[in-house]
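This is what each chain is made of:
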Amino acid sequence: MKPLREVMRHVPSNVAVVTALHDGVPVGMTVGSFTSASLDPPLVSFFAGKCSTTWPLIEAAGKFCVNVLSAHQPQVATAFASRDVDRFGGRGWTPSPLGSPLLDGVLAWLDCELHALHEVGDHVAVAGMVHGAHAIGDAKPLVFFRGELAALE
Ligand SMILES: Cc1cc2nc3c(=O)[nH]c(=O)nc-3n(C[C@H](O)[C@H](O)[C@H](O)COP(=O)(O)O)c2cc1C
C-alpha cells in the first residue's frame, strides 16, 4: 500500500481558515479538513493537528468562525498556514455575531460554538455547533489538490 499522504494528495479538499478571538487577539489557521457533520443539530467539523500552536488558542476561546476561502485567496491560505508571519497583517476582517474574526472576501462562513472534541490519532476531531451559516454570491472556491492551491475549474 502506498503511504497515506501520497494517496491523499490526489483527493481534492476545500480550504478554510478557522479563526477565533483569544484574549482580544485574532488567531487563525488554515484547514483542508472542514466538512459538514450533522444537520439536526447543525454541526460542522474539522481536524486540528496535535502539534498546532493555534488550535489550543481556538479551543480556549470556545467558539470559532470557519472562513471558506474563494478562488482568489490562495495567499490567505498560505499566510494562515505559515509560522512567523503576521497572519492578519493588512487583512480586513469584522467580528462575526458570536465575535470571531470574519475575513473579508470569503466564499462562505459559519459562526460556531465549540461542541465536542475527539482524539483521532495525531489529530483532534473538532465539532462545532453552527449558530449562523452564510454563503456569499457565486464566487468560485479555492481547492487543494496534488500539493497545489488552485481555483476550481
Ligand atoms: C491546504 C492546507 C490544508 C491544511 N489542513 C490542515 C488541517 O486540516 N488541520 C491542521 O491541523 N492543519 C492543517 N494545515 C496546516 C496548518 O495550517 C498549519 O500547520 C498550522 O496553521 C501551523 O501553524 P500553527 O502552529 O499556528 O497551527 C493545512 C495547511 C494547508 C496549506
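Going by the structure above, here's the rest.
Residues numbered from 1 in each chain as written. Predicted model: local features only at pLDDT ≥ 70, side-chain atom pairs only at ≥ 80, totals over all residues. Heavy atoms only, no water.

1. Examining the sheet that holds strand β3 (residues 25-31)
Move 1: Taking strand neighbours across the sheet as the criterion, the seven strands line up as β3-β2-β6-β9-β10-β5-β4 in an open arrangement whose pairing is antiparallel. In this open sheet, the two edge strands, each paired with only one partner strand, are β3 and β4 (35-38). For this sheet the average axis-to-axis angle between neighbouring strands, irrespective of direction, equals 40°.
Move 2: Examined bridge by bridge, β4 and strand β5 (residues 43-49) share three bridges and lie antiparallel to one another. Considered in β5, the bridge of S36 is made with V44. (Pairing = 2+ DSSP bridges. Helix = DSSP H or I, 4+ residues; strand = E, 2+ residues; numbered from the N terminus. Axes fitted to C-alpha atoms, helices over the stretch in contact; angles between N-to-C directions.)

2. Comments concerning the site of the ligand
Move 1: The immediate surroundings of the ligand are formed by 16 residues, with S33, S52, T53, T54 and R83 found nearest.
Move 2: Separating a nitrogen atom of the ligand from a backbone N or O atom of F47 is a distance of 2.7 Å.
Move 3: In the model, an oxygen atom of the ligand is placed 3.3 Å from a nitrogen or oxygen of the F80 main chain.
Move 4: Compared with its free state, where it exposes 630 Å², the ligand has 79% of that area covered by protein.
Move 5: Looking at the shell around the ligand residue by residue, the classes come out as seven nonpolar, seven polar and two charged. (Near = heavy atom within 4 Å. Polar contact = N/O pair within 3.5 Å; in protein donor to acceptor, adjacent residues only side chain to side chain. Areas by Shrake-Rupley, 256 points an atom, 1.4 Å probe, with all protein chains shown as cover. Nonpolar A, V, L, I, M, F, W, Y, C, P; charged D, E, K, R; others polar.)

3. Side note on the sheet that holds strand β1 (residues 13-14)
Move 1: A sheet is described by the order of its strands in space; here three strands give the open sequence β1-β11-β12, paired in antiparallel fashion. If you trace the sheet from one side to the other, it starts and ends with β1 and β12 (148-151), each paired once.
Move 2: Bridge analysis of strand β11 (residues 142-145) against β12 gives four bridges, and the strand direction is antiparallel. Bridging from a neighbouring strand, F145 pairs with E148 of β12.

4. Some remarks on the environment of F80
Move 1: Position of F80 relative to the elements: it lies in the loop between α3 (74-79) and β7 (93-95).
Move 2: Here F80 falls in the buried class, since its relative accessible area comes to 1%.
Move 3: For the pair F80 and D104, spaced 24 residues apart in sequence, the C-alpha separation works out to 14 Å.
Move 4: In contact with F80, other than residues within four places in its own chain, are V17, G28, M29, T30, R87, F88, R91 and L103. (Buried < 20%, exposed > 50% of the residue type's maximum accessible area, 1.4 Å probe, protein only. Contact = heavy atoms within 4.5 Å.)

Honestly, it's all geometry; don't read function into it.
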